[in-house]
Structures are given as C-alpha cells and as structure tokens.
Amino acid sequence: MPNRCGWVNDDPLYLKYHDFEWGVPVHDDRVFFEFLLLEGAQAGLSWYTILKKREHYREAFDQFDPHKVAAYGEDKLASLLTNPGIVRNRLKIRSAVANARAFLAVQQEYGSFDRYIWSFVGGQPIVNHWETLEQVPATTKESDAMSKELKKKGFSFVGSTICYSFMQATGLVNDHLIGCFCRQ
C-alpha cells in the first residue's frame with residue numbers, strides 16, 4: 001500500500017479521489033463549477049460526506065452545467081429540497097443557482113473561468129512542502145484574495161477556508177504531503 005496523505009481513508013471512492021483528482025491542475029470550466037458547488041455544499045460538513053453524494057449532485061444539478069443551473073426556477077429549487085441524495089439546505093441550494101449566474105458572468109468577462117481563477121496563483125500551481133497535516137493551513141493570502149473577489153462578483157459560500165479547499169481540489173495548490181506517493 002503506497003504512502004498517502006493522512007486525511008484519506010481506505011474507501012475506494014476516497015482513495016480514487018485522492019490519487020487521481022485532488023491536487024491535479026484543472027483547466028475545464030465545468031469541473032471548476034462542479035467543485036465550486038460541491039465545496040459550498042461541504043460547508044459545515046466533511047468532504048467525505050459530499051464525495052459520497054457526488055453522483056447524486058451530478059444528476060440533481062444537470063451534470064454541473066452552469067447554464068442549466070443558472071436557469072433554475074422555484075419549481076426546480078423545491079424539487080432539490082426534497083432530494084435525499086444531496087444536502088437539502090435551502091441556502092446552499094439557492095447559492096448554487098446564484099453562483100451559476102456569477103460563474104457565467106465571470107466567463108463572459110474573462111473569456112473563461114479558468115483564466116480568471118488561475119490568476120489568483122499567477123497561472124501556476126503553488127507547490128507546498130508540508131510534512132504533516134498539522135502544517136497545512138486552512139486559509140492563505142491567496143484564498144483570502146479569492147474569497148474577497150468572488151464575493152464581490154456575487155458568489156456565496158466562498159469563504160477563505162472553502163476557497164482554499166477549492167484550490168487544493170482543483171490543483172491550484174498542491175498540498176500532498178512530502179511522504180505521499182502522489183507528490184510527483
């Protein structure tokens with residue numbers, strides 16, 4: 001069994017996420033939107049909880065198509081609130097719709113969300129050199145700046161801690177520990 005970061009458990013779903021997604025640089029706007037929505041849903045919960053519900057989220061939120069999510073009306077919101085496969089929090093569900101609209105506005109302004117979001121790290125992943133989980137911060141100056149700017153653009157559930165988790169998940173930051181085999 002290869003050495004991995006200490007936060008991952010032995011569930012094959014979690015292992016696959018850690019080994020093949022977490023910390024891998026993303027350049028696909030749909031994937032960015034997926035992680036924005038999922039990280040917002042995670043607020044106050046564990047990532048493992050959300051990861052186990054991910055396929056339900058994909059189905060419920062039209063494969064994370066921001067155009068479709070931005071067009072959701074009250075009937076769709078009401079149906080999402082009864083969907084047992086997702087976190088049925090009214091604020092988080094409404095946030096997903098508002099964030100889809102803000103996401104589309106960013107795409108319009110910058111040409112892509114990818115171009116915009118990578119600007120917070122100068123276009124290159126930040127590669128940290130942590131030896132222990134205790135060294136990994138919950139926020140950084142980059143996540144603070146991202147949070148502030150996303151909020152100005154109308155996004156919600158994008159506090160600095162959520163933004164840092166988003167940065168880790170999408171490879172803007174590589175926080176695989178020094179002893180983790182994914183570090184390469």
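Please refer to the structure higher up on the page.
This text gives an overview of the structure that appears in the document. (Residues numbered from 1 in each chain as written. Predicted model: local features only at pLDDT ≥ 70, side-chain atom pairs only at ≥ 80, totals over all residues. Heavy atoms only, no water.)

Let's talk about the nonpolar core
Then comes step 1: Judged by nonpolar contacts, the single largest core of 57 residues is most densely connected at Phe32, Tyr57, Phe61, Phe113, Ile117, Met146 and Phe155.
Then comes step 2: Excluding residues that lie within four positions of it along the chain, Met146 makes contacts with Ile117, Phe120, Cys163, Phe166, Met167 and Leu172. (Core = buried A, V, L, I, M, F, W, Y, C linked by side-chain atoms within 4.5 Å. Buried < 20%, exposed > 50% of the residue type's maximum accessible area, 1.4 Å probe, protein only. Contact = heavy atoms within 4.5 Å.)

Quick look at unusual backbone geometry
Then comes step 1: One non-glycine residue, Asp62, adopts positive backbone phi at about 50 degrees.
Then comes step 2: Relative to the helices and strands, Asp62 resides in the loop between α3 (47–60) and α4 (66–70).
Then comes step 3: The partly exposed category is assigned to Asp62, whose relative accessible area is 28%. (Helix = DSSP H or I, 4+ residues; strand = E, 2+ residues; numbered from the N terminus.)

As for the pattern of salt bridges
Then comes step 1: Summed over all chains, the structure comprises 10 salt bridges.
Then comes step 2: The shortest N-O distance in the salt bridge between Arg58 and Glu55 comes to 2.4 Å. Here Arg58 pairs with Glu55, and both are found in helix α3, just three residues apart, close to one helical turn.
Then comes step 3: Glu55 sits in the exposed class, given a relative accessible area of 53%. (Salt bridge = Lys/Arg side-chain N within 4 Å of Asp/Glu carboxyl O.)

Some thoughts on the packing of aromatic side chains
Then comes step 1: As enumerated under the stated definition, the model contains 17 aromatic pairs in all.
Then comes step 2: An aromatic cluster is present here, built from Phe32, Phe33, Phe103, Tyr110, Phe113, Tyr116, Phe120, Phe155 and Phe166 joined pairwise through their rings.
Then comes step 3: Positioned above the aromatic ring of Tyr72, the side-chain terminus of Lys76 is 5.1 Å from the ring centre. (Phe/Tyr/Trp six-rings, centres within 6.5 Å; stacked < 30°, edge-to-face > 60°. Lys NZ or Arg CZ within 6 Å of the ring centre and 35° of its normal.)

As for the side chain of Asn99
Then comes step 1: One can find Asn99 in helix α6 (residues 90–110).
Then comes step 2: A relative accessible area of 6% places Asn99 in the buried class.
Then comes step 3: Excluding residues within four positions of it along the chain, Asn99 makes contact with Phe33, Gly154, Phe155 and Ser156.

Some details on the side chain of Arg54
Then comes step 1: Relative to the elements of secondary structure, Arg54 occurs in helix α3.
Then comes step 2: Not counting the four nearest positions on each side in its chain, Arg54 is found in contact with Tyr17, Glu21, Glu34, Phe35 and Leu38.

Details of helix α9 (residues 160–169)
Then comes step 1: A large share of α9 lies buried, amounting to eight of its 10 residues.
Then comes step 2: In the segment just after α9, Gly171 is the residue with positive phi, at about 80 degrees.

Observations regarding the packing of helix α2 (residues 29–42) against α6
Then comes step 1: One way to put it is that α2 packs onto α6 with a least axis distance of 10 Å and a crossing angle of 150 degrees. When the axes of α2 and α6 are compared, the pair comes out roughly antiparallel. Here α2 runs over α6; the crossing is right-handed. When α2 is examined against α6, the residues Asp29, Phe32, Phe33, Leu36, Leu37, Gly40, Ala41 and Gln42 are found in contact with a partner set consisting of Lys92, Ala96, Asn99, Ala100, Phe103 and Gln107.
Then comes step 2: A breakdown of the residues in the contact of α2 with α6 according to their chemical character gives eight nonpolar, four polar and two charged. (Axes fitted to C-alpha atoms, helices over the stretch in contact; angles between N-to-C directions. Parallel < 35°, antiparallel > 145°, perpendicular 65-115°, else oblique. Left-handed = near helix turned anticlockwise from the far one by under 90°. Nonpolar A, V, L, I, M, F, W, Y, C, P; charged D, E, K, R; others polar.)

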